[in-house]
Amino acid sequence: MRGNIVIQDLVSIDQDRFFKVDKKSPVEMKKVLAVLSGELKQYPYAVKCFHLIQEILQNPGGSRKNDLDFLCRELMASLINLGLSSQWIHRSILKFFFENPVPGEVDMREFWEGIFPHTHSFRVVTPVSSKAHLIEEGYLGAFGAKILDKDSIDDHEEEINELCADNFQRVIISENVQAKDPFAAVEEANHKISRLHHVYGLFNHKNELSIGEKSFVIQKCCAENSGAYSNSVNRMQFVRDKLPNRAARAMETMMKQVRFPAGPDRKKFFNAVSFHGMSNNATSVENQLVNIWTALETIAPEAYSGSTISNVTQGVLPFIGLNYMSRLTRCLLGDVLRWNRKAGYQIIKAAECGAGDNLLQQFYCLLALKGNEPLLQELFNRMENFHLLRYRAFSHREVIKSRRKTLKAILDHEQRVAWQIHRIYRTRNLIVHRGQLPTFAKTLVVNAHDYFDQVFELTCALGGGDQYYDTYEDCFNYMEMRYKKYKDDLSKGGEISAEDARLALWFPPEDIDHRTLLPH
């Protein structure tokens, strides 16, 4: 709460009163949280974010880029939590800012009015192949749907027949779908179709359901908009991924070098992989989250306490913390080279750095070392109109130019990840025990999958090579000890040098170079 400029404007009570509450008293904590939930409603929070953004843009002379960056991130997270799909936000931003030349004076209110999360009513037409058409129409109404032959559609007949082609002879029409945007409407309609299929499957276990690649969406309230939208909105598509050829090589390397598939933890390995796969293939957010949480729970050893959430949290945090700085730097380096590979590569290679440093460590030295400031300034000048990329590089430099700031960034990230893991676990319990699904569950699925991928990738790195571990428990114990040393090293003062690239950018232990002992 402290330092949050949105909360400072919204909360009418002195914030110190919230921090002085007796945390051991459930009654006092409940009272304070109830007051906070009343003062920090989602809609007012999103509106206040926009107002503050507008205020900064109307006074461009000030140096408030950090505030603008914070507010934009808060606004996007708030819009997603209010029910807008990330695809619709992305499409709206591209349409408003990038499809046409942006005039000198931009009226942000026009953008805000177009993206504000109003609830709309949609009709969604989905090509489908299922035996559910045998169910009487009156009972299909319980799922807000009706099944028709594609030839019996009169409205938008040409577009719908094109979506069905020769593969689908029937469509499910979902009426009065309440959603914030067409992508969210398709997802809600598909959720209802899945429910219908699952209930029918209780009585016909061999029943199979397949739906078309796209659904046709018609807005039925304040505008007559219509169009085709993808049905395959799987949360896993938002996770960093390898290209098919690289994925094949990575799998071959894992099967050749990693001990887990054939070692004492082989059942745990394959169970975790299976739960990950089930999450990847699931169409509903509930199944995605429950399965990816189970994968995390499977891979984490029961070595920390009797609590499931404590085991997972304490086991995962060292992996995320050790990987954080190298991951941020690698993402930034990739974007710099995507912007201008030749210029970026030349400047990075000219930077002062340690002997034998790889390209990532050289890039770290370019950003962090004082001796490289002229080269860094040249890089910033070359970026010209790429303001967001330049600001990202500048912001990252501010973090890594001192060990104290680097450690603080890592500890802040560790705290945020711990909170998010607890949210994931609570949401999993809501799904399993109460059948409830919060609006922010989609974001949790992406985060949980990302955490699992990081843990799985690093345990595979530790389970292969010359210095390896046979069990997950040994891997997790090593990472816990290594993370403590990592934070201890960063807590030591002193001027930043080229050696800090090897300290801050942690990598799993590398194989011994046998050529020094057995020259060819």
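Sequence positions are assigned chain by chain, starting from 1 and proceeding in written order. Per-residue local features are limited, in this predicted model, to residues with pLDDT of at least 70; the limit for side-chain atom pairs, both in listing and counting, is 80 or more; totals at the level of whole chains, interfaces and linings are taken over all residues. Water and hydrogen atoms were dropped before computing side-chain values, which therefore reflect all heavy atoms in the structure.

(A) Representation of the overall build of the protein chain in the model. Going along the chain from the N terminus, every DSSP run of H or I of four or more residues is numbered as a helix, and every run of E of two or more is numbered as a strand. Scanning the protein chain from N- to C-terminus turns up 22 helices and six strands. In terms of overall dimensions, the protein chain is globule-like: its C-alpha atoms have a radius of gyration of 26 Å, near the 24 Å expected for 520 residues. Projected onto its principal axes, the C-alpha coordinates of the protein chain cover approximately 75 × 65 × 60 Å. For every residue, the accessible area (1.4 Å probe, protein chains only) is compared with the maximum for its type, and the residue is labelled buried under 20%, exposed over 50%, or partly exposed between those bounds. Here the protein chain holds 520 residues, and the buried ones make up 43% of them. Note that the radius of gyration is over C-alpha atoms, with the globule rule given as 2.2 Å times the number of residues to the power 0.38.

(B) Looking closely at helix α5 (residues 65-81). A helix's residues, less one, multiplied by 1.5 Å, set its expected span. With 17 residues, α5 should cover 24 Å at 1.5 Å per step; its first-to-last C-alpha distance of 24 Å lies within 8% of that length. Regarding α5, the residues found buried are Phe70, Leu71, Leu75, Ser78 and Leu79. Buried residues of α5, seen end-on, are gathered within an arc of 160° and therefore sit on one face of the element. Opposite its buried face, α5 presents the exposed residues Lys65, Asn66 and Arg73, each directed more than 90 degrees away. Each element contacted by the buried residues of α5 is listed here: α1 (5-10), α4 (42-57), α6 (86-98) and α7 (108-115). In the stretch just after α5, glycine 83 is the one whose phi turns positive, near 115°. This arc describes the spread of directions from the helix axis toward the C-beta atoms. By definition, residues are in contact when any of their heavy atoms lie within 4.5 Å.

(C) Structural detail: the packing of aromatic side chains. Think of it this way: a Phe, Tyr or Trp ring, Trp meaning its six-membered ring, pairs with another when their centres are within 6.5 Å, and the plane angle makes it stacked under 30 degrees, edge-to-face over 60, tilted otherwise. Under the defined criterion, the tally for this structure stands at 16 aromatic pairs. Judged by centre distance (5.0 Å) and plane angle (40°), the rings of tryptophan 293 and tyrosine 425 are tilted. Taken together, the residues tryptophan 293 in helix α13 (residues 285-299) and tyrosine 425 in helix α19 (residues 403-434) connect sequence positions 132 residues apart. By relative accessible area, which is 0% here, tryptophan 293 ends up buried. Site record: aromatic cluster; members linked through ring pairs are Tyr43, Phe50, Trp112 and Phe116.

(D) Structural view of the confidence of the model for the protein chain. Here the protein chain averages 86 in pLDDT, and 93% of its residues register 70 or above. Confidence scores here are pLDDT values: one per residue, from the predictor, ranging 0 to 100. When pLDDT is averaged over each element of the protein chain, α19 comes out on top at 95 and helix α2 (residues 15-19) at the bottom at 73. Below a pLDDT of 50 lies the segment residues 512-520, which in the model reaches three contacts outside its immediate sequence neighbourhood of four places, other chains included.

(E) Highlighting the packing of α5 against α6. Relative orientation of the contacting elements α5 and α6 amounts to 130°, with a least axis distance of 9 Å. As far as their axial angle goes, α6 and α5 are oblique. Two secondary-structure elements touch here, α5 through Met76, Leu79 and Ile80 and α6 through Ser86, Ile89 and Ile93. Structural elements are reduced to axes, namely lines fitted to C-alpha atoms, with helices fitted over the stretch in contact, and the angle between N-to-C directions of any two is expressed from 0 to 180 degrees. Angles below 35 degrees are treated as roughly parallel, those above 145 as roughly antiparallel, those between 65 and 115 as roughly perpendicular, and all remaining angles as oblique.

(F) Layout of the pattern of salt bridges. A side-chain nitrogen of Lys or Arg and a carboxyl oxygen of Asp or Glu constitute a salt bridge if their distance falls within 4 Å. The full count for this structure, using the stated rule, is 22 salt bridges. Across the salt bridge formed by aspartate 69 and arginine 73, the nearest N and O atoms sit 3.3 Å from each other. Here aspartate 69 pairs with arginine 73, and both are found in helix α5, just four residues apart, close to one helical turn. We classify aspartate 69 as partly exposed; its relative accessible area is 30%. The shortest N-O distance in the salt bridge between arginine 392 and aspartate 335 comes to 2.5 Å. Placement of the pair is arginine 392 in helix α18 (residues 387-400) and aspartate 335 in helix α14 (residues 308-339), with a sequence separation of 57 residues. The class of arginine 392 is partly exposed, set by a relative accessible area of 35%. One network of salt bridges, in which partners are shared, links Glu373, Arg397, Glu398 and Lys401.

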